[in-house]
Amino acid sequence: MSSRLPVLCLLLLQTGSFGFYIFGGESLNHQEITERAILNVTLQVCRTLALAVGEDFTFPPQPFTAQSVPVACQASKSSKTFLQTIKLIKKKNWRVDIRYLFSPRHHFDNEKFSEGRNIITSGLSAVKANNKQENFEAARQQLGEILHSLQDFYSHSNWVEMGNKLPNSNLIKSNANIGNIAAEGRATCRNCDGDDCRNNILEDILREKILTSGYFGLVPFFSTKPKGKCSHGGRFDRTSNIEPKGGINKDKLSSNHGHLHTNAANMAIAATSELLEDIRGAAGDRPFLQMMGISKGSSKALCFVIDTTGSMSDDIATVRNVTSSIINSKVGTEDEPSVYILVPFSDPDFGPLIRTTDPNVFKNAINSLSADGGGDFAEMSLSGLQLALTGAPPNSEIFLFTDAPAKDIYLKSTVIALIERTKSVVNFMITNLLGFRRRRQSSNNQQQQHSRMVKSDAQLYKDLAQASGGQAIEVTKSELQVATSLIVESSSSSLVTLLQATRNPGKVENFTFTVDDSVKNLRIYITARSVSFTLISPSGESQQSSNTTGSLITASQSVGNFQTLQLQTQVGLWEIKMVSTNGYSLKVVGESPIDFLFEFLEVSQGLLGGFDVVDNRPTAGVNGSLMVTVTGSDSATVTEVILVESSGSGQVNGTVEAQGGGDFLAQFDRIPSQEFVVLVKGQNSNVSTREASVFFQRQSPTNIRASALTVTVEDSQSVLVPGTPLVVPFSVTTGGAGGNFSIKATSDQGFTSAIPSSLFLETGGSANGTVNLTAPINTTSGTDVTLTIEAEAPGGTDTNYVVLLFTVLRTVTDFTQPVCELLSLQSNCSENCSLSMWKLSVQVTDGAEGTGVDRVSLRQGNGTLNTTLAAGNENGTLVYIASCCSPDVELLVVDRVGNVGSCSYRVQKTSTSSSQATTTSIPNPPTAVAVVSLSTKTVQSFFLCLSITIIGLNIPFEMGIN
């Protein structure tokens, strides 16, 4: 490799500043490290994909943002999911400091290098296994946790002090040497010279390249360290007052080794990029982008949950027609769904969940459904819905088709918890629910009992629809085709909610909503029987519900209890006056790039202070905070955040403070005890020059419940080994009256779990419990498992939950990358490259102890690659043919557990002194770069440099690898 490479890498690293401290300030933090690496590597992937099909790629202006990167990737509709992915990964990253503060191995403290590396490599194996099964949400969570430990290595160890200019690539390899670790009895530090700790690491440690890290202890009188060892340092570290005094951490500019803070942080961004590149190589470019929440079409999933019992044949035929219509009209467009999901259910069966990115696979799955059987009247509808909620991406829109009540009504609270956690919208398409179906004749008593049960279950579906912001549409089977127009309209990834309200019983009430210039396709959905309304436009023009051909309503459709109105889009304040004594739901939607994400915050109970995200229900009746992030615009600002009661007129206004980067902190003096939604108002300076058009309004579809209960899981590993029970400790705390609280644990995979049925809590007290979760021995690696733990107060007056995501991972024993052996290289390349071709033949193997070659792909080169793998995939032969105008090729070879090998070759033109072009076929041609594996550190460093801050520049270089 050229000797200029380390210098080049260092220059690239110095273009940005990143750091480790958990919270913001002048020092740089984990969140910035993580986000910059994700943005850079994602852009590099998009660039590679564009160049592979002959398209130009333009990098957005720096600094890159979560809004500009999807646009550069020609996936602007993915900006919300991309930002959501980044936020999740960052949250899981900084939570390591909160959840594992006392764990040295999570931070590479106390010289726990092997243990820290094991956290990274086992988590990396889980990420790769998740991606292989397309379980991207689990992959994101695992990724966030391991990135924290990886980044801490450079702040807490002496890697930077030893003069290293590149990351320690062996930290992400299970079987590699990460360095010479200081022996237990070897001294590593001396006292700092007062406040100056620049030279407190012993010279022989640095000269001999001995790895050490600081010891850390929080508890006075109990914190200690071996004689002569370095301390972490800082005001929380009690060992820093034990000789040798001081510390070596580089977490902040003000840390003991703060003079190296920027160097260490830049090294961490390089290491983060390197790990992301390894994940990218194992997954492939498009699956990597999917893990990051980016897809060329819509960011939405198309998700169907379908009753397959005997009387559903007509409904299934309708779903087939709708599926074909959506796929045929949207494939290849910006509204093509990013993933297709199908969950069948009957009685007593449900599932399996079918998830695919291939529309033809989804079509075939729908076409293969058949309606038969069913046993008694009720079906396992909620079990199927639970599986869909845990298998679909967050913020999905799910459609459940049934003509029967739910048999598994005991899952209602679990389903609501998952709706709240995923913020998914569920629509119920209910046919003939109040009629008789396929069952045997019933007596009068049975008929009466059946009628009462069906009415109850109709309300169940309505309750779940309301909780999610969806519709419960009741139609006859002949009307279902018309009702499914909702699915087509909802499949747009740009759909936003402007207003939503439910009233049961109904009453006369006026609602207002603001339409901004970015909103297109403005529509109103009304679910009700016998409702009338008056619609008033911003210009003051009105139209009655009895007149559906007026100037404000351009199209209207009614079927069953559902009505949809297409409106003339006028910018400004609209009003709709609803008149009905029957219950109704009202929803106003449109298409717009501008939307928002939100998370409730609570004061962290950890020693580091700050805020933590509330992953379940916020605490009722007390003050609270909400972080709102605007998506789809870099210039939009939030002016109001309001908590609006879902079924009433009450609301709580928050005070809003901009946090930068599109984030706005809203603080409330109390959280409502009733169900509520989040309403956001703001303005976008780039929308229009007209003052009235800059204001926008958006609302969360999901209803939110507050609680006086909290359910927490502080410390639990996220990997399940098949056949090995995992103990998950949890605690329940009440801010109200005590008593016996019911406890329930539900796994979406139906895995065995043992849990106490109840816990006794004193008034205002807490109690602890455990769940024992076991995955069957034959469970596939990469399977994700969602565990929901619920607590219910005596009398069912209050509930709360915690939702946990686990990855099933079989023990990995294959740690070696596949390798390439050059068989032949033939070329007749001349001055006119367009008239000549070259051909490469390579054998790939994974070794006798390997798991076998799983996939071969092109990382560089636009020729034709043909692959033949032997039985069992232990080895294979590759033939690559390309024009001499494309003289370089890089092959990626991935084995079944995600180890990645890289092989690069180059052909040169033949000498012009020859009377005719020559063809070479030799085992090791001098004109080709020799076989390269990613296990070669210099090669990793090379690819790393290309992914750092200025990855878009064409930097000339020469490279030869032995």
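If you're wondering where the values come from, they're calculated on a predicted model, not measured in any experiment. (Residues numbered from 1 in each chain as written. Predicted model: local features only at pLDDT ≥ 70, side-chain atom pairs only at ≥ 80, totals over all residues. Heavy atoms only, no water.)

## Some details on the packing of helix H12 (residues 381–391) against helix H13 (residues 412–422)
- Two numbers describe how H12 lies on H13: the axes approach to 10 Å, and their chain directions differ by 20 degrees. In terms of axis orientation, H12 runs roughly parallel to H13. For the crossing formed where H12 meets H13, the hand is left-handed. Residues Leu382, Leu385, Gln386, Leu389 and Thr390 of H12 touch H13, and the partners they reach there are Lys412, Thr414, Val415, Leu418, Ile419 and Thr422.
- Of the residues contributing to the contact of H12 with H13, the split by class is six nonpolar, four polar and one charged. (Axes fitted to C-alpha atoms, helices over the stretch in contact; angles between N-to-C directions. Helix = DSSP H or I, 4+ residues; strand = E, 2+ residues; numbered from the N terminus. Parallel < 35°, antiparallel > 145°, perpendicular 65-115°, else oblique. Left-handed = near helix turned anticlockwise from the far one by under 90°. Contact = heavy atoms within 4.5 Å. Nonpolar A, V, L, I, M, F, W, Y, C, P; charged D, E, K, R; others polar.)

## Looking at the state of the cysteines
- Going through the model one piece at a time under the given rule, you end up with six disulfides.
- Each sulfur of the disulfide joining cysteine 820 and cysteine 903 lies 1.7 Å from the other. Handedness of the cysteine 820-cysteine 903 disulfide follows from its S-S torsion of about 65 degrees: it is right-handed. Pair noted here: cysteine 820 is in strand E36 (residues 819–827) and cysteine 903 is in strand E42 (residues 900–906), with a separation of 83 residues, a long-range link. (Disulfide = S-S within 2.5 Å.)

## Some thoughts on helix H8 (residues 261–283)
- With 23 residues, H8 ought to run about 33 Å at 1.5 Å a step, and its terminal C-alpha atoms sit 33 Å apart, in line with that.
- When you tally the buried positions in H8, you get 21 out of 23 residues, the bulk of the element. (Expected span 1.5 Å × (residues − 1). Buried < 20%, exposed > 50% of the residue type's maximum accessible area, 1.4 Å probe, protein only.)

## Thoughts on the sheet that holds strand E21 (residues 636–645)
- Judged by pairing direction, the sheet is antiparallel, and its four strands sit side by side in the order E22-E21-E25-E26 without closing on themselves. Looking along the sheet, the strands with just one partner apiece sit at the ends: strand E22 (651–653) and strand E26 (695–699). Along the sheet, successive strands turn relative to each other by an average axial angle of 25 degrees, direction set aside. (Pairing = 2+ DSSP bridges.)

## Things to note about the sheet that holds strand E18 (residues 595–603)
- On the basis of which strands lie adjacent, the open sheet formed by five strands has the order E19-E18-E20-E24-E23 and antiparallel pairing. Each end of this open sheet is capped by a strand with a single partner; those strands are strand E19 (611–613) and strand E23 (655–660). Recorded for the sheet is a direction-independent mean angle of 35 degrees between the axes of neighbouring strands.
- As paired strands, E18 and E19 are joined by three bridges and run antiparallel to one another. Note on E19: the bridge partner recorded for valine 603 is phenylalanine 611.
- The strands touched by helix H4 (residues 79–99) within the sheet are E18, E19, strand E20 (624–631) and strand E24 (663–668), with E19 carrying the most contacts at an inclination of about 125 degrees.

## Section: the side chain of serine 273
- On the secondary structure map, serine 273 appears in helix H8.
- In this structure serine 273 comes out as buried when scored by relative accessible area, which is 0%.
- At 2.9 Å, the side chain of serine 273 forms a polar contact with the backbone oxygen of isoleucine 269. (Polar contact = N/O pair within 3.5 Å; in protein donor to acceptor, adjacent residues only side chain to side chain.)

Purely spatial values, then, with no claim about function.
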